[in-house]
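# Structural characterization, general
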Amino acid sequence: DAMVIQNPRYQVTQFGKPVTLSCSQTLNHNVMYWYQQKSSQAPKLLFHYYDKDFNNEADTPDNFQSRRPNTSFCFLDIRSPGLGDAAMYLCATSRSGSSSTDTQYFGPGTRLTVL
Amino acid sequence: RKEVEQDPGPFNVPEGATVAFNCTYSNSASQSFFWYRQDCRKEPKLLMSVYSSGNEDGRFTAQLNRASQYISLLIRDSKLSDSATYLCVVNGAGGSYIPTFGRGTSLIVHP
């Protein structure tokens, strides 16, 4: 059974048209992460939630916002997508975020295309 | 210097070969280490954790060298299905428990 679910798996949007990606988890993990991954690059952390506590990476553009209405769900909003935002967006969870042995569980990703 | 560095490859090896990847990390206070496997256009999946004493899982062996600040992954008897990108992940590299990823090493196993 899928533990970290992302919808949609593929998203096509137009330049400047807002888009929302969603992630849900059945693991009851405290921490949820959003990563952006471009071809042949490492996943780049955009932000993470430790429970309801939002943590933004310093170099995450303002264009990217996130919401976590409850433990299970987390959303990534891209307010005005540019061509450079085309990428795979990965959602991940980890149990506590406060243990060195925490491992991450990834969703299948949403591949975003910007036309 | 990047926090976690990997040779991107690709490593192109025949079936049955033994291949090894290294990953170096810059923060000596890093506490835990992992290898993830990522297939093309798929999400990363945990391959194995890396312990101070080293650990082995079938054909895969991971080792940690704290003195030189690197971890390694050895794959014996390579299979075609081992073709993937192998991502090195370090916890605590930035002084927190947020994982830091290397850019991955690409492995291609050919017949």
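The text that follows walks through the structure, step by step, so that each part is easy to find. Model, not experiment: these values are computed from the prediction.

### Quick notes on the overall build of chain A
Helix and strand counts for chain A come out as zero helices and eleven strands. Shown N-terminal to C-terminal, the secondary structure of chain A runs as helices and strands in the order β-β-β-β-β-β-β-β-β-β-β. In terms of overall size, chain A behaves like a compact globule, its C-alpha atoms giving a radius of gyration of 13 Å where 115 residues would be expected to give roughly 13 Å. A principal-axis box enclosing the C-alpha atoms of chain A has dimensions of 40 × 35 × 30 Å. When the 115 residues of chain A are sorted by exposure, 50% land in the buried category. In chain A, the proportion of contacts linking residues at least 24 apart, taken out of those at least 6 apart, comes to 56%. In chain A, 10 side chains carry a positive charge and 9 a negative one; their mean positions are 7 Å apart.

### Here's the deal with the nonpolar core
F21, W35, I71, L73, I75, Y86 and L107 of chain B are the most contacted members of the largest nonpolar core, which totals 23 residues. Elements represented by at least two residues in this core include exactly β3 (19-25), β4 (32-38), β5 (44-50), β7 (60-65), β8 (70-75), β9 (84-91) and β11 (105-110) of chain B. By size, the runner-up hydrophobic cluster in this structure holds 18 residues, among which are C23, M32, L46 and V114 of chain A.

### As for the packing of aromatic side chains
For the structure shown, the criterion picks out 13 aromatic pairs over all chains. Taken together, a centroid distance of 6.4 Å and an interplanar angle of 15° make the contact between F73 of chain A and F75 of chain A stacked. Exposure remark for F73 of chain A: the relative accessible area of 37% places this residue in the partly exposed category. Centroid distance Y25 of chain B to F33 of chain B: 4.9 Å. Interplanar angle 45°. Geometry classified as tilted. For the pair formed by Y25 of chain B and F33 of chain B, the shared burial category is buried. Each residue in the set Y33, Y35 and F106 of chain A together with Y36 and F101 of chain B is aromatic and connected to the rest through ring pairs, giving one cluster.

### Topic: the sheet that holds β8 of chain B
All names here are of chain B. Spatial ordering of the open sheet is given by β1-β3-β8-β7-β6, a layout of five strands whose pairing is antiparallel. Bordering the open sheet on either side are β1 (4-6) and β6 (55-57), each of which pairs with just one other strand. The average angle at which neighbouring strand axes cross in this sheet is 20°, direction not considered. Relative to β8, β3 is paired through six bridges, and the arrangement is antiparallel. Across the sheet, the residue bridging to N22 is S72, located in β8.

### Comments concerning unusual backbone geometry
Residue P8 of chain A follows N7 of chain A across a cis peptide bond; omega there is -10°. Secondary-structure assignment places P8 of chain A in the loop between β1 (4-7) and β2 (10-13). The peptide bond linking G9 of chain B to P10 of chain B adopts the cis configuration, its omega dihedral lying at 10°. Position of P10 of chain B among the secondary structure elements: in the loop between β1 and β2 (11-14). For R41 of chain B, which is not glycine, the phi dihedral falls at a positive 65°. Overall, the relative accessible area of 51% leaves R41 of chain B in the exposed class. Its identity as a non-glycine residue notwithstanding, Q69 of chain B has a phi of 55°, on the positive side.

### Points about the interface of chain A and chain B
In this complex, chain A contributes 23 residues to the contact, which on the side of chain B involves 18 residues. Buried area between chain A and chain B, summed over both chains or domains, comes out near 1700 Å², and the portion from carbon and sulfur atoms is 59%. Put simply, chain A and chain B have zero salt bridges between them. Summed over the shared surface of chain A and chain B, the number is three residue pairs in polar contact (both at pLDDT 80 or more). If you list the elements that add at least two residues to the side of chain A that touches chain B, you get β4 (31-37), β5 (44-50) and β9 (87-94) of chain A. Sorting elements by how many residues they give to the side of chain A that touches chain B places β4 of chain A first, with three residues. Of the residues in the side of chain A that touches chain B, the class split is nine nonpolar, twelve polar and two charged.

Reading the values: rules and limits
- Residues numbered from 1 in each chain as written.
- Chains lettered and ligands numbered in written order.
- Predicted model: local features only at pLDDT ≥ 70, side-chain atom pairs only at ≥ 80, totals over all residues.
- Heavy atoms only, no water.
- Helix = DSSP H or I, 4+ residues; strand = E, 2+ residues; numbered from the N terminus.
- Rg over C-alpha atoms; globule rule 2.2 N^0.38 Å.
- Buried < 20%, exposed > 50% of the residue type's maximum accessible area, 1.4 Å probe, protein only.
- Contact = heavy atoms within 4.5 Å.
- Lys, Arg positive; Asp, Glu negative; His and termini not counted.
- Charge placed at Lys NZ, Arg CZ, Asp CG, Glu CD.
- Core = buried A, V, L, I, M, F, W, Y, C linked by side-chain atoms within 4.5 Å.
- Phe/Tyr/Trp six-rings, centres within 6.5 Å; stacked < 30°, edge-to-face > 60°.
- Pairing = 2+ DSSP bridges.
- Axes fitted to C-alpha atoms, helices over the stretch in contact; angles between N-to-C directions.
- Buried area = accessible area lost by both parts, 1.4 Å probe.
- Salt bridge = Lys/Arg side-chain N within 4 Å of Asp/Glu carboxyl O.
- Polar contact = N/O pair within 3.5 Å; in protein donor to acceptor, adjacent residues only side chain to side chain.
- Nonpolar A, V, L, I, M, F, W, Y, C, P; charged D, E, K, R; others polar.

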